[in-house]
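An overview of the molecular structure
Single-letter residue listing:
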Amino acid sequence: MISASNDTVTASLSSNFLPLAVAYDSGRGEVFVANYASSSVEVISASTDSLVTSIHLGTIPLALAFDASKGEVFAASVPIFANYPGTVGYNGTLSVIPETANTVANRIPLGLTGAISTGIAYDPGVGEIFVTNNHTNSVQAFSDTTNASVATIPVGIAPFAAVYDSGRHEIFVANAGSNSISVISDSNDSVAATINLGSNYQDTPTALAYDPSSGEVFVANESHNLSVISDMTNTVVKTIELGFQVYPVGMVYDSSKGELFVASQNGPSLTVVSTRSNSVVGTIDLGGYATGGMAYDANSGEILVNVFIGNFPSNLEDNSTVFISDSTDQVVAVVRVGDDPVGIAIDPATSRAYVANYLGGTISILSVPPSYNVTFTERGLPARTLDRYGWSVELEGLGREFGPGATSFTTGLPNGTYRFLVTGPRGYRVVNSTAYGAVSVSGGSANLTVDFSRGATDSLSFHESGSTNNSTWCFAVVPPTQWCNNARGVASIENLTPGTYPYAITTPTGMVALEKVGSSWIVQSAGNVTLTTSKTVQIRFGYPVSFEETGLTGVFTWSITSQGIVGTSSTSTVVLVLTNGNHAFSVHRVVGYRATPASGHVLVSGASPTPVTIRFSA
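Bear in mind the structure is a predicted one, so any value in this text is a computation, not a measurement. (Residues numbered from 1 in each chain as written. Predicted model: local features only at pLDDT ≥ 70, side-chain atom pairs only at ≥ 80, totals over all residues. Heavy atoms only, no water.)

Focus: the overall build of the protein chain
- Helix and strand counts for the protein chain stand at one helix and 58 strands.
- Buried positions account for 54% of the 618 residues belonging to the protein chain.
- Long-range pairs, those at least 24 residues apart, make up 48% of the contacts in the protein chain between residues at least 6 apart in sequence.
- Taken as a whole, the protein chain presents about 24,700 Å² of accessible surface, with 49% of it coming from carbon and sulfur. (Helix = DSSP H or I, 4+ residues; strand = E, 2+ residues; numbered from the N terminus. Buried < 20%, exposed > 50% of the residue type's maximum accessible area, 1.4 Å probe, protein only. Contact = heavy atoms within 4.5 Å. Areas by Shrake-Rupley, 256 points an atom, 1.4 Å probe, with all protein chains shown as cover.)

So this is what it looks like as structure tokens:
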């Protein structure tokens, strides 16, 4: 579970291993989770966030759908042996799970050799479940009254996904192998139209979304675009280019804003498309690769996107769920979840999100708090300077927010207190004591005005040594966000208003930071620095090396020197932080005792070495 006060995970549920898909049962307030490796469906109570039961299927569930009218969950699955190399001749299964019993009431053979189901759509108009079979190039329709197959409908090659069009009572099926869309009428369970998307092999459709206000179906294609289909004419009425680097993996529709959010494996992680103008209206960098797991929460007006791999210098973490306000199209929170988050479902009654972590074998339960607008407005920058250079606000948890050409920008934030850091162009400093500070959000919007005036600005640089080329270190000023380097060198922030700034250093894994103060190196990972001119802070990373003595009695102190660093202790252990290398050390004389060895060498190579023993004798 995740606390809404600080957006951190406070608990998670074990889900055996490889949870793949999630479905929400609004009637019972329960969440159903498809577990790939354990061949089961688990039921979680949304009121207690606890496991109710685990339903063994004996087959591998790949997709889930909830039938609200019958109170049943349908799980499309394949035999456990179906993934073995060379396997042929297996039949898929549709398991029917009543919400009142939480057991498998019926197992319906899909009846087609090699049927693997990756998409399910429920049609409440006729009470039928439509299941795509991407190895048999067909869709099967099942009656939720009799739980029997009522039709097998040939479609295109490798049907991958399906969506229900409530306006026309049709099912739209994306055929990944033939770059086409099959339109199925639920009145006679037959294909009413086939819509070709293109002849390029990259035109592969990967996701579908339906906009009831415009009567249009949107198709995300691997060819970096969206196909817009009119459900009146069953024709492509427009192609929306998303950008060459965009490879769509998921899509969600925001009904209140009339916008589509398209998740990509790379490039801009999220592309925002207006369904009213059928055009791209924005991009949002999530700092990593979206997994395709997405959901829209109408209560908070937020989009949730699962991210697998983060990239520096972004402050977004690996394996996270990112919250985005649909009022500002800005990231409002980043929450660390389990390994490889894929499926996601939202309980609209409580605004809790359930994230299936495929490799972590867990379900993370997230609270989705409402967000409120926070606006920063600048005054004092000339128009030409503003247009050319802009200004920036580093806001805690959100990374870098730039305002080139704009006198203000707005982002949405849930209740809480957030640190920020403001910088302008060179030669302009903040003059109203808001260069850095904190903004509080408490049930309403917040507005801050930043006044700039001409005056010299300073830079703060951190010059490090001792890290290896594949290690990552970071520093933060204030610190609302981090600047990170994954190689040796200097990291800097420019155009700071003179003043005193708190800072913190994040060290490479297993290492410790030493800061040079005067002629000495001291262990330090946080502090304050006063800027009256540009300044460089010398940082050296190393590994803790322990020297342990035996033989000293009574009250005493003893010391070790290595790499110009002196360590003194009144206990039996002296710890020095040393960089990689073979370093000479010497033991300071203790009156009345002789040290063995009195000097020597210690090898540091990518980790803290075995403690060095120093024996004193009288």
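There is more to say after this.
A few points about the side chain of His583
- With respect to the helices, strands and loops of the structure, His583 is situated in strand E55 (residues 581-587).
- Within the structure, the side chain of His583 is placed 2.6 Å from the backbone oxygen of Thr579, a separation counted as a polar contact.
- Those residues within four positions of His583 in sequence are excluded, and the remaining contacts are Ser562, Gln563, Leu578, Gly600, His601, Val602 and Val604. (Polar contact = N/O pair within 3.5 Å; in protein donor to acceptor, adjacent residues only side chain to side chain.)

As for the sheet that holds strand E42 (residues 446-454)
- The four strands are arranged E38-E35-E42-E40 in an open sheet whose pairing can be described as mixed. Each edge of the open sheet is held by one strand with a lone partner, namely strand E38 (408-414) and strand E40 (428-430). Neighbour-to-neighbour, the strand axes of the sheet open up by a mean angle of 30°, direction not taken into account.
- As defined by bridge partners, strand E35 (residues 371-379) adjoins E42 across six bridges and the pair is classed as parallel. From the neighbouring strand, Glu378 faces E42, where its bridge partner is Val450. (Pairing = 2+ DSSP bridges. Axes fitted to C-alpha atoms, helices over the stretch in contact; angles between N-to-C directions.)

A look at the packing of aromatic side chains
- Applying the stated criterion across every chain yields a total of 11 aromatic pairs.
- For the ring pair Trp558 and Phe616, a centre distance of 5.9 Å and an interplane angle of 80° mean the geometry is edge-to-face. Taken together, the residues Trp558 in strand E52 (residues 558-562) and Phe616 in strand E58 (residues 612-617) connect sequence positions 58 residues apart. Accessibility assignment for this pair places Trp558 and Phe616 in one class, buried.
- Taken together, the aromatic side chains of Phe376, Trp391, Phe409, Phe420 and Phe452 make up a single cluster linked through ring pairs.
- Lying over the aromatic face of Trp521, Arg540 brings its terminal NZ or CZ to 4.7 Å of the ring centre. (Phe/Tyr/Trp six-rings, centres within 6.5 Å; stacked < 30°, edge-to-face > 60°. Lys NZ or Arg CZ within 6 Å of the ring centre and 35° of its normal.)

Comments concerning the environment of Pro348
- Secondary-structure assignment places Pro348 in the loop between strand E32 (341-347) and strand E33 (352-357).
- Sequence separation between Pro348 and Ala298 is 50 residues, and the spatial gap between their C-alpha atoms is 7.6 Å.

A few points about the nonpolar core
- By size, the foremost hydrophobic cluster in this structure holds 64 residues, and its most contacted members are Phe376 and Trp558.
- Considering every element that reaches this core, the biggest residue donor is strand E51 (residues 535-550), with six residues.
- Setting aside residues no more than four positions away along its own chain, Phe376 makes contact with Trp391, Val393, Leu395, Thr407, Ser408, Phe409, Phe420, Leu448 and Val450.
- Residues Val252, Ala263, Leu286 and Ala290 belong to the second largest nonpolar core, which totals 16 residues. (Core = buried A, V, L, I, M, F, W, Y, C linked by side-chain atoms within 4.5 Å.)

Some details on the sheet that holds E55
- The strand order E53-E52-E55-E57 describes an open sheet built from four strands, whose pairing is antiparallel. Strands with a single pairing partner mark the edges of an open sheet, and in this sheet they are strand E53 (565-569) and strand E57 (599-604). Between one strand axis and the next, the sheet turns by 25° as a mean value, whatever way the strands run.
- Bridge count between E52 and E53: five bridges; the pairing is antiparallel. Its bridge partner being in E53, Ser562 is matched across the sheet by Ile565.

Side note on the pattern of salt bridges
- Using the criterion set out here, one finds two salt bridges in the structure.
- Put simply, Asp451 and Arg379 hold a salt bridge, and the shortest N to O gap is 2.7 Å. A residue pair is termed long-range when its members are at least 10 positions apart, and Asp451 in strand E42 and Arg379 in strand E35 qualify at 72 residues.
- We classify Asp451 as buried; its relative accessible area is 17%.
- One salt bridge in this structure joins Arg426 and Glu494, with 4.0 Å as the shortest N-O distance. (Salt bridge = Lys/Arg side-chain N within 4 Å of Asp/Glu carboxyl O.)

Focus on the side chain of Glu170
- One can find Glu170 in strand E17 (residues 170-175).
- Here Glu170 occupies a buried position and makes no salt bridge, while the nearest side chain of opposite charge, Arg168, is found at 4.5 Å.
- Among all residues touching Glu170, those that are not within four sequence positions of it are Val163, Tyr164, Asp165, Val183, Ile184, Ser185, Asp231 and Asn234. (Lys, Arg positive; Asp, Glu negative; His and termini not counted.)

Digging into the confidence of the model for the protein chain
- A residue-level look at the protein chain finds 76% of positions with pLDDT of 70 or above and a mean pLDDT of 79.
- No element of the protein chain has a lower mean pLDDT than strand E1 (residues 2-3), at 38, and none a higher one than E57, at 96.
- Note on residues 1-11: pLDDT under 50 across the span, and 30 contacts to partners over four residues away in sequence or across chains.
- Below a pLDDT of 50 lies the segment residues 310-317, which in the model reaches 23 contacts outside its immediate sequence neighbourhood of four places, other chains included. (pLDDT = per-residue confidence, 0-100.)

Description of unusual backbone geometry
- In this model, Thr596 is joined to Pro597 through a cis peptide bond whose omega is -5°.
- Checked against the element boundaries, Pro597 lands in the loop between strand E56 (594-596) and E57.
- Although it is not a glycine, Asn179 sits at a positive phi angle of roughly 55°.
- Relative to the elements of secondary structure, Asn179 occurs in the loop between E17 and strand E18 (180-185).
- Within the chain, Gln563 stands out as a residue other than glycine whose phi angle is a positive 55°.
- Structurally, the position occupied by Gln563 is in the loop between E52 and E53.

Thoughts on the pairing of strand E25 (residues 259-264)
- Extensive coverage of E25 is indicated by the burial of six of its six residues.
- Alternating positions in E25 separate into two faces, Glu259, Phe261 and Ala263 on one and Leu260, Val262 and Ser264 on the other, with burial throughout.
- Sheet topology note: the strand E24 (residues 248-254)/E25 ladder contains six bridges and is antiparallel. When the bridges of E25 are listed, Met251 appears paired with Val262.
- The hairpin formed by E24 and E25 contains four residues between the paired strands, and Gly258 there has a positive phi angle of roughly 65°.
- As paired elements, E25 and strand E26 (residues 270-274) share five bridges and run antiparallel to each other. Residue pairing for E26: Val262 is matched across the bridge by Thr271.

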